[in-house]
Amino acid sequence: QLVASGGGLVQAGGSLRLSCAASGRTYAMGWFRQAPGKEREFVAAISRSGDTTYYTDSVKGRFTISRDNAKNTVYLQMNSLKPEDTAVYYCALRTAYYIGTHSKEYDYWGQGTLVTVSS
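Residues numbered from 1 in each chain as written. Predicted model: local features only at pLDDT ≥ 70, side-chain atom pairs only at ≥ 80, totals over all residues. Heavy atoms only, no water.

S.K.: Help me understand unusual backbone geometry, please; the structure alone is not making it clear to me.
M.R.: Residues apart from glycine generally show negative phi values, whereas peptide bonds are mostly found in trans. The phi dihedral of N72 falls on the positive side, at around 55°, and the residue is not glycine. Residue placement: N72 occurs in the loop between strand 7 (63–68) and strand 8 (73–78). The phi dihedral of S80 falls on the positive side, at around 50°, and the residue is not glycine. With respect to the helices and strands, S80 occurs in the loop between strand 8 and strand 9 (87–94). (Helix = DSSP H or I, 4+ residues; strand = E, 2+ residues; numbered from the N terminus.)

Written as structure tokens, this is what we have:
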């Protein structure tokens, strides 16, 4: 089970931190997002150990994915937010140790949390 939280309304240039708490064993995890009228897209992923991360180009340098395995929780720190970051953000778990960048590689999904960035 994955429980995502931390979304909200923020002005452009602001910051938010999303959290995703997982139950069970620790695996690679990722964040995806889906804007209205668009397909779900990959945002960031982190390996089980946390030593490997990967980002889509549009968020590099602004977003940081991290994890606390003692709490079985993954975070997405989002800085310098832009209106085009507005979307429902989903955390996902891949039953493997290494990251994936495609939604089909992930086995479990959280409920989504809405991020709205106003201009």
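S.K.: For this particular structure, what's the right way to read the environment of G112?
M.R.: Along the chain, the position of G112 falls in the loop between strand 10 (108–109) and strand 11 (113–118). Put simply, G112 and K38 are 74 residues apart on the chain and 15 Å apart in space, counted from C-alpha to C-alpha. When residues no more than four places from it in sequence are discounted, the contact partners of G112 are V88, Y89 and Y90. (Contact = heavy atoms within 4.5 Å.)

S.K.: I'm lost on the pattern of salt bridges in this one. Help?
M.R.: Should their charged atoms come close, side chains of opposite charge can pair. Summed over the entire model, instances satisfying the criterion amount to 5 salt bridges. In this structure, the salt-bridge partner of D57 is K60, at a minimum N-O distance of 3.0 Å. Residue class for D57 comes out exposed when judged on its relative accessible area of 60%. According to the relative accessible area criterion, K60 is partly exposed, its value standing at 45%. Salt-bridge contacts for R62 lead to D85; the nearest nitrogen and oxygen are separated by 2.8 Å. Placement of R62 in the loop between strand 6 (53–55) and strand 7 and of D85 in the loop between strand 8 and strand 9 is noted, with a sequence separation of 23 residues between them. Taken individually, R62 and D85 each receive the classification buried, so the pair is uniform in this respect. Among the ionic contacts, a cluster of salt bridges with common partners joins R33, E41, R62 and D85. (Salt bridge = Lys/Arg side-chain N within 4 Å of Asp/Glu carboxyl O. Buried < 20%, exposed > 50% of the residue type's maximum accessible area, 1.4 Å probe, protein only.)

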